[in-house]
Amino acid sequence: MQTGELLYKGKAKSIYRTDKDDELLAVFRDDITAFNGEKKDEFAGKGEYNFAASAFFFDFLEKNGVKTHYLRAVDERSMIVSKLNMIPLEVIARNRAAGSVVKMFPFEEGQILDPPVVVTDYKDDERGDPSINDDLIVALGLLTPEELADVREKTLTINRLLSDFFEGLGLILVDFKIEFGRKDGMILLGDEISMDSMRLWDMSTMESFDKDVYRFDKGDLMSAYARVVEKINQWKDSHME
Ligand code: ADP
Ligand code: CDP
């Protein structure tokens, strides 16, 4: 499609201006990075799989009362989103211990975290996305205490909705990262919800269906992503109104 000026080229998406001031075009690319950009590759089709998952989840969350930036799909890897004033935080919800939390604390890999744990990183590649706490978030003027509570509540709601959804597909939502932004005084869910930004394990085999397949060379990444999208499509087919 005809695109406007490239505003930002991130690690996995490109953001373009559109003919409307309050809308942007987000294009999901095939690039993938891990370990803060140390590992980099390109997988044909990755952008389309992550787009499909993101578009589905934004729509699913909207239908369940969560406000997101998603407006509409343009093609199989691009979506129009509301322009947000992004809050530079990576909000992570964890239902099981995996990844950095196992390295940093005495958790067993896969240990159930009940209630779920919400942690936050400061989004700044040059600083290595350091973990940040509530007082620092307020001191930096990123969120007010009221907004902090709102972001936490929204994150837990999204976690409940997505965890239940994946359970129905035979998958465990181990953890995921989301980003929020402001529009007209409201805080909306932005960015993406995809296999790049979550950990998903098969309920019976504990096999990974997410970016860990790439991070730790666990197998064929595109087969894993395709499997998740296939399961989402099967769910859609059986829930046609
Ligand atoms: P990164 O910046 O981590 O490399 P991406 O490649 O995913 O990540 O780039 C997408 C960028 O667009 C991110 O920085 C994200 O914060 C930003 N973004 C996502 N949604 C919106 C939005 N609705 N409005 C403005 N910026 C957005
Ligand atoms: O990925 P890593 O082990 O370094 O970090 P983590 O804190 O254990 O990640 C928790 C979850 O957030 C995982 O699902 C990551 O894929 C996701 N995440 C992300 O999408 N982007 C980041 N910059 C950091 C984490």
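Residues numbered from 1 in each chain as written. Chains lettered and ligands numbered in written order. Predicted model: local features only at pLDDT ≥ 70, side-chain atom pairs only at ≥ 80, totals over all residues. Heavy atoms only, no water.

### Quick word on the packing of helix α1 (residues 46-63) against helix α4 (residues 145-168)
Between two packed helices, what matters for the description is the angle formed by their axes and the separation of those axes.
Okay, step 1: The N-to-C vectors of α1 and α4 enclose an angle of 115 degrees; their axes lie 11 Å apart at closest approach. Here α1 and α4 pass one another in a crossing that is right-handed. For the pair formed by α1 and α4, the contact residues are Phe56, Phe57, Phe60 and Leu61 on the first element and Ile158, Leu161, Leu162, Phe165 and Phe166 on the second. (Axes fitted to C-alpha atoms, helices over the stretch in contact; angles between N-to-C directions. Helix = DSSP H or I, 4+ residues; strand = E, 2+ residues; numbered from the N terminus. Left-handed = near helix turned anticlockwise from the far one by under 90°. Contact = heavy atoms within 4.5 Å.)

### Some words on the pattern of salt bridges
Okay, step 1: This model, assessed by the stated rule, comprises 23 salt bridges.
Okay, step 2: Where lysine 154 meets aspartate 150, a salt bridge forms, and the shortest distance between an N and an O atom there is 2.8 Å. Of this pair, lysine 154 and aspartate 150 are both found in helix α4, four residues apart, which corresponds to roughly one turn of the helix.
Okay, step 3: Given a relative accessible area of 26%, aspartate 150 falls into the partly exposed group.
Okay, step 4: A single network of salt bridges, built from pairs that share partners, joins Lys13, Glu90, Lys123, Lys177, Glu179, Asp191 and Glu192. (Salt bridge = Lys/Arg side-chain N within 4 Å of Asp/Glu carboxyl O. Buried < 20%, exposed > 50% of the residue type's maximum accessible area, 1.4 Å probe, protein only.)

### A closer look at the nonpolar core
Okay, step 1: One finds Phe57, Leu61, Met79, Ile158, Phe166, Phe180 and Ile193 to be the most contacted residues of the largest nonpolar core, which totals 55 residues.
Okay, step 2: The biggest single contributor to this core is α1, with eight residues.
Okay, step 3: Excluding anything up to four places from it in sequence, phenylalanine 57 contacts Leu162, Phe165, Phe166, Ile193 and Ile232. (Core = buried A, V, L, I, M, F, W, Y, C linked by side-chain atoms within 4.5 Å.)

### Here's the deal with the pairing of strand β1 (residues 6-9)
Okay, step 1: Here β1 runs beside strand β2 (residues 13-17); their pairing, made up of three bridges, is antiparallel. Following the sheet pairing, lysine 9 is matched in β2 by serine 14.
Okay, step 2: Between β1 and β2, which follow one another and run antiparallel, lie three residues. (Pairing = 2+ DSSP bridges.)

### Digging into α1
One turn of the α-helix equals 3.6 residues, which is why residues spaced by three or four share an orientation.
Okay, step 1: Its 18 residues place the ends of α1 26 Å apart at the C-alpha level, agreeing with the 26 Å of an ideal helix rising 1.5 Å per residue.
Okay, step 2: Looking at α1, one finds that the buried residues are Lys46, Gly47, Asn50, Phe51, Ala53, Ser54, Ala55, Phe56, Phe57, Phe58, Phe60 and Leu61. (Expected span 1.5 Å × (residues − 1).)

### A look at α4
Okay, step 1: End to end, α4 covers 35 Å across 24 residues, agreeing with the expected 34 Å (1.5 Å per residue, within 8%).
Okay, step 2: Considered for burial, the residues of α4 that qualify are Glu147, Leu148, Val151, Thr155, Ile158, Asn159, Leu161, Leu162, Ser163, Phe165 and Phe166.

### Some words on the site of ligand 2
Okay, step 1: Close contacts around ligand 2 come from 15 residues, with Glu90, Arg94, Ser100, Asp175 and Arg199 the closest.
Okay, step 2: In this structure, arginine 94 approaches ligand 2 through a side-chain N or O atom, which is 2.7 Å from an oxygen atom.
Okay, step 3: Contact distances for ligand 2 include 2.8 Å between an oxygen atom and a side-chain N or O atom of arginine 199.
Okay, step 4: In isolation ligand 2 exposes 500 Å². Once the protein is present, 81% of that is buried.
Okay, step 5: Contributing elements (two or more residues each) for the shell around ligand 2: β9 (89-96), β12 (171-178) and β15 (198-202).
Okay, step 6: When grouped by side-chain class, the residues that make up the shell around ligand 2 number four nonpolar, three polar and eight charged. (Near = heavy atom within 4 Å. Polar contact = N/O pair within 3.5 Å; in protein donor to acceptor, adjacent residues only side chain to side chain. Areas by Shrake-Rupley, 256 points an atom, 1.4 Å probe, with all protein chains shown as cover. Nonpolar A, V, L, I, M, F, W, Y, C, P; charged D, E, K, R; others polar.)

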